[in-house]
Amino acid sequence: MPTVDDILEEVSEFGRFQKQAFLTLCLLSAAFAPIYVGIVFLAFTPDHRCLSPGVAELSRRCGWSLAEELNYTVPGPGAMGEAFPRQCRGYEVDWNRSALSCVDPLAGLATNRSHLPLGPCRHGWVYDTHGSSIVTEFNLVCDDSWKVDLFQSCVNLGFFLGSLGVGYIADRFGRKLCLLATSLISAVLGVLMAAAQDYPSLLLFRLLQGLVSKGSWTSGYVLITEFVGLGYRRTVAILYQMAFTVGLLLLSGVAYAIPHWRWLQLAISLPAFLSLLCYWCVPESPRWLLSQKRNTQVIKIMDHIAQKNGKSPLADLKMLSLQEDVTEKLSPSFADLFRTPHLRKYTFILMYLWFTSSVLYQGLIMHVGATGGNLYLDFFYSALVEFPAAFIILATTDRCGLIRPLAASNLVAGAACFVMVFLSHDLHWLNITAACVGRMGITIVFQMVCLVNAELYPTFIRNLGVMVCSSLCDLGGIITPFLVFRLMEVWQGLPLILFAVLGLAAGAMTLLLPETERVTLPETIEDVENLGRIAKPKENMIYLQIQTSERTGT
């Protein structure tokens, strides 16, 4: 009796229906990009200095240029190791005094400026930008600069906390319902962020958006991989992630055109409502419906797919049944991820791979640091790096499978970090090249581990498995800033050594996973246990039982 993949071969593995569903879900993937990295533009920190009452009037009266005003009224960079006095401290001077000279107004107060008392910015700051950001509106600088980190940590914390709940909902109540609910909530919260009047409200909306937005993206990922046939599953999954990269490129353009954060937040939130098109364009996953024994709906969906793809309707599909030689509970639970020896091993390895991917990906970006160039172009170019990674995956997986390229990419990323430890800081171009090689490797890992994760779990816990394992990615995102900056205080190369160890260990552990090349998606836990073994009769599998009209009449 044929499996779901056999039926998809009959009605077309990637026909018109799958293409329409794929393009619709790609909108969801692209819309997730601003949520994940939008902080780069929403909370950019421009050059700033203390707002000193009277300076503007004095500058106007004296006819100073901006350079002269800064030279006369703003402290210098300070001693080595001192925290940016020109940004966070100002001269304790009454700039409204009429006795101040236009040539050097501070000369009459002290022979050396370094002897003048400095104080905190009591009247706020002046920001050198033509736009606005969360930082400039809520003054998240100097002593409050940690609030920017908290803003990003909240969305990662939301990703982490939402992983378990949203994954369970998708496996318990269906991919489509979960996708629609989380997409709508995420879009609404994005709009509320644009209207937030204070920092605590902004933080709350950011946390709540994190709780649902990643679940929406993951539900779309699982849904599209369950709709296409075996021959297109990996390609579609990789292209779905490339839609995220397209979202990054579009974000840089939109941010350049809209330099004010509230309008930018609104502009990147409104397109998320387009994901509601899934209600009409994307039905529920037939695989999930089968696991829930809702066979009548599966028949209708399969007939719809056949008609949409220009195939003959499956008129002979009279009865659909779920047959299992051993009764197995198909309601998802967290314990199922650790129920058998192989599932336990796969779950722990995948958790480590997700954690390592996040630490290396974000850690490399933080370690290289800001280049001091154009924010929008730097972001655009760095996003372009992710396209070759996707093409490398497409070119290698059919020939080499998934596991070996995944292991090699981890090893390349780890080795690149190790090489950077011994490179002189004067060889800037060489350091950047090594960092790009490392980022290329870890980008490949990021895209492939999601695919491997989905292929190593049975249908009824697939979404839960992806969400739980990928939650370690969010945990990595929360702690990476502390790992990087605290270790750099000890020695600048110490974070790179940590990254190298994590990457090389991940490469070795990847080889313990079974290859899933040309393997049917597992439907039961026993199917997972049989992965990587010599082919055996697939006894405990979900089948589509077809009774033709001729057999019915005999």
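Keep in mind the model is a prediction, meaning the values are calculated, not measured.

1. A few points about the overall build of the chain
Counting its secondary structure elements, the chain contains 24 helices and four strands. A sequence separation of at least 24 residues applies to 82% of the contacts in the chain between residues at least 6 apart.

2. Structural notes on the environment of Leu-116
By the element assignment, Leu-116 lies in the loop between β2 (89-91) and β3 (118-120). Judged by its relative accessible area of 10%, Leu-116 is buried. For the pair Leu-116 and Leu-106, spaced ten residues apart in sequence, the C-alpha to C-alpha distance is 8.8 Å.

3. Considerations on the packing of aromatic side chains
The geometry of two aromatic rings is summed up by the distance between their centres and the angle between their planes. With the rule as written, the count across this model stands at 20 aromatic pairs. With a centroid separation of 5.3 Å and an interplanar angle of 75°, the aromatic rings of Phe-17 and Phe-227 are classed as edge-to-face. Linking Phe-17 in helix α2 (residues 16-37) with Phe-227 in helix α10 (residues 199-227), this pair joins segments that are 210 residues apart in sequence. With respect to class, Phe-17 is no different from Phe-227; both count as buried. Ring pairs connect the aromatic residues Phe-32, Tyr-36, Phe-159, Trp-217, Tyr-221, Tyr-240 and Phe-244, which therefore count as one cluster. Above the ring of Phe-173, the side-chain terminus of Arg-172 is found at 5.3 Å from the ring centroid. One cation-aromatic arrangement involves Lys-176 over Tyr-279; the distance from NZ or CZ to the ring centre is 5.1 Å.

4. Observations regarding the pattern of salt bridges
One pass over the full model with this rule turns up nine salt bridges. Two residues, Arg-49 and Asp-128, come together in a salt bridge whose shortest N-O distance is 2.8 Å. One end of the pair, Arg-49, is in strand β1 (residues 48-50); the other, Asp-128, is in the loop between β4 (125-127) and α7 (134-138), with 79 residues separating them in the sequence. By relative accessible area, Arg-49 is classed as buried at 10%. A salt bridge links Glu-226 to Arg-175, with the shortest nitrogen-to-oxygen separation between them at 2.8 Å. Taken together, the residues span a long stretch of sequence, with Glu-226 in helix α10 and Arg-175 in helix α9 (residues 175-195) at a distance of 51 residues. Both residues of the pair, Glu-226 and Arg-175, count as buried.

5. Observations regarding the packing of helix α11 (residues 233-257) against helix α17 (residues 375-384)
Interaxial distance between α11 and α17 falls to 9 Å at its minimum, and their mutual angle equals 170°. The angle between α11 and α17 falls in the class roughly antiparallel. Between α11, through Thr-245, Leu-248, Leu-249, Leu-251, Ser-252, Ala-255 and Tyr-256, and α17, the contact on the second element is made entirely by Tyr-376, Phe-379, Phe-380, Ala-383 and Leu-384. Class assignment of the residues belonging to the contact of α11 with α17 gives a composition of ten nonpolar, two polar and no charged.

6. Overview of the confidence of the model for the chain
Across the chain, the average pLDDT comes to 80, with 86% of residues at or above 70. Considering each helix and strand of the chain separately, the mean pLDDT is smallest for helix α24 (residues 549-553), with a value of 41, and largest for helix α12 (residues 261-269), with 94. A low-confidence stretch, residues 79-83 stays under pLDDT 50, and its non-local contacts, those more than four residues away or across chains, total one contact. A low-confidence stretch, residues 534-554 (pLDDT under 50), is modelled with 49 contacts involving residues beyond four sequence positions or located in other chains.

7. A few points about the packing of α9 against α10
As a packed pair, α9 and α10 sit with axes 8 Å apart at the nearest point and diverge in direction by 150°. It follows that α9 is roughly antiparallel to α10 by the angle criterion. The element α9 and its partner α10 pack so that their crossing is left-handed. Taken together, the residues that form the contact of α9 with α10 break down as twelve nonpolar, ten polar and three charged.

8. A closer look at the state of the cysteines
Joining two cysteines, a disulfide is a covalent bond between their sulfur atoms. In the structure shown here, the tally under the stated rule is two disulfides. With its sulfur 1.7 Å from that of its partner, Cys-50 forms a disulfide with Cys-121. Residues Cys-50 and Cys-121 share a disulfide whose torsion about the S-S bond is about -55°; that sign makes it left-handed. Pair noted here: Cys-50 is in strand β1 and Cys-121 is in the loop between β3 and β4, with a separation of 71 residues, a long-range link. The two residues Cys-50 and Cys-121 agree in class, both being buried.

9. Description of the environment of Ser-219
Secondary-structure assignment places Ser-219 in helix α10. Separated by 39 residues in sequence, Ser-219 and Leu-180 have C-alpha atoms that sit 9.5 Å apart. Filtering out sequence-adjacent residues up to four positions away, Ser-219 remains in contact with Ala-170, Arg-175, Cys-178, Leu-179 and Asn-463.

10. Quick look at the nonpolar core
Of all hydrophobic cores here, the largest spans 135 residues; its most connected members are Ile-134, Tyr-221, Leu-350 and Leu-513. Discounting chain neighbours no more than four positions away, the residues touching Leu-350 are Val-449, Val-452, Asn-453, Leu-456, Tyr-457, Cys-469 and Leu-513. One finds Leu-58, Tyr-91, Val-93 and Leu-116 within the second-largest nonpolar core, a separate group that totals eleven residues.

11. Looking at unusual backbone geometry
Residues other than glycine seldom take positive phi values, yet Asn-139 does so here, at roughly 55°. Secondary-structure assignment places Asn-139 in the loop between α7 and α8 (146-173). Classification of Asn-139 as partly exposed rests on a relative accessible area of 26%. Even without being glycine, Cys-142 reaches a positive phi, approximately 55°. Here Cys-142 lies in the loop between α7 and α8.

12. Considering a nonpolar patch on the surface
Side chains of Leu-27, Leu-274, Leu-277, Tyr-279 and Trp-280 sit close together on the surface and give an oily, nonpolar patch of about 560 Å² of accessible area. Looking at the element boundaries, Leu-27 is found in helix α2.

13. Considering α12
The periodicity of an α-helix, 3.6 residues per turn, causes residues three or four places apart in sequence to face the same way. Listed in full, the buried residues belonging to α12 are Trp-261, Arg-262, Leu-264, Gln-265, Ile-268 and Ser-269. Buried residues of α12, seen end-on, are gathered within an arc of 165° and therefore sit on one face of the element. Buried-residue contacts for α12 involve α2, α3 (39-42), α7, α9, α10 and α11.

Cut-offs and rules
In every chain, residue numbers begin from 1 and rise along the written sequence. Where local features are concerned, this predicted model is filtered to residues with pLDDT of at least 70; where side-chain atom pairs are given and counted, the filter is 80 or more; whole-chain, interface and lining totals use all residues. In computing side-chain properties, one takes all heavy atoms of the structure into account and sets aside hydrogens as well as water. Secondary structure elements follow DSSP: runs of H or I no shorter than four residues count as helices, runs of E no shorter than two count as strands, and numbering proceeds from the N terminus. By definition in these notes, contact holds between two residues if any of their heavy atoms fall within 4.5 Å. The buried label applies to any residue whose accessible area, calculated with a 1.4 Å probe on protein chains only, is under 20% of its type's maximum; exposed applies above 50%, and partly exposed to all values in between. Two rings from Phe, Tyr or Trp (for Trp, the six-membered ring) form a pair when their centres sit within 6.5 Å of each other. Planes less than 30 degrees apart are called stacked, planes more than 60 degrees apart edge-to-face, and all others tilted. Two conditions define a charge sitting above a ring: the NZ of Lys or the CZ of Arg must be within 6 Å of the ring centre, and it must be within 35 degrees of the ring normal. A pairing counts as a salt bridge when a side-chain nitrogen of Lys or Arg comes within 4 Å of a carboxyl oxygen of Asp or Glu. Only the stretch in contact is used when a helix axis is fitted, and all axes are lines through C-alpha atoms; the angle between N-to-C directions ranges over 0 to 180 degrees. Our angle categories are set so that under 35 degrees counts as roughly parallel, over 145 as roughly antiparallel, 65 to 115 as roughly perpendicular, and the remainder as oblique. Classification convention: Asp, Glu, Lys, Arg as charged; Ala, Val, Leu, Ile, Met, Phe, Trp, Tyr, Cys, Pro as nonpolar; all other residues, Gly among them, as polar. Within a predicted model, pLDDT stands for the predictor's per-residue confidence, ranging from 0 to 100. Crossings are assigned a handedness: left-handed for a near helix turned anticlockwise from the far helix by less than a right angle, right-handed for a clockwise turn. Two cysteine sulfurs form a disulfide in these notes if their separation is within 2.5 Å. Residues enter a nonpolar core if they are buried and are Ala, Val, Leu, Ile, Met, Phe, Trp, Tyr or Cys, with the set joined through side-chain atoms within 4.5 Å. To count toward a patch, a residue needs a relative accessible area over 30% and no salt bridge; like charges are then connected within 9 Å, while nonpolar side chains (Val, Leu, Ile, Met, Phe, Trp, Tyr) are connected within 5 Å. Computed with the Shrake-Rupley method and a 1.4 Å probe, the accessible areas treat only the protein chains shown as cover for residues. When we speak of the arc, we mean the arc of directions from the helix axis to the C-beta atoms.

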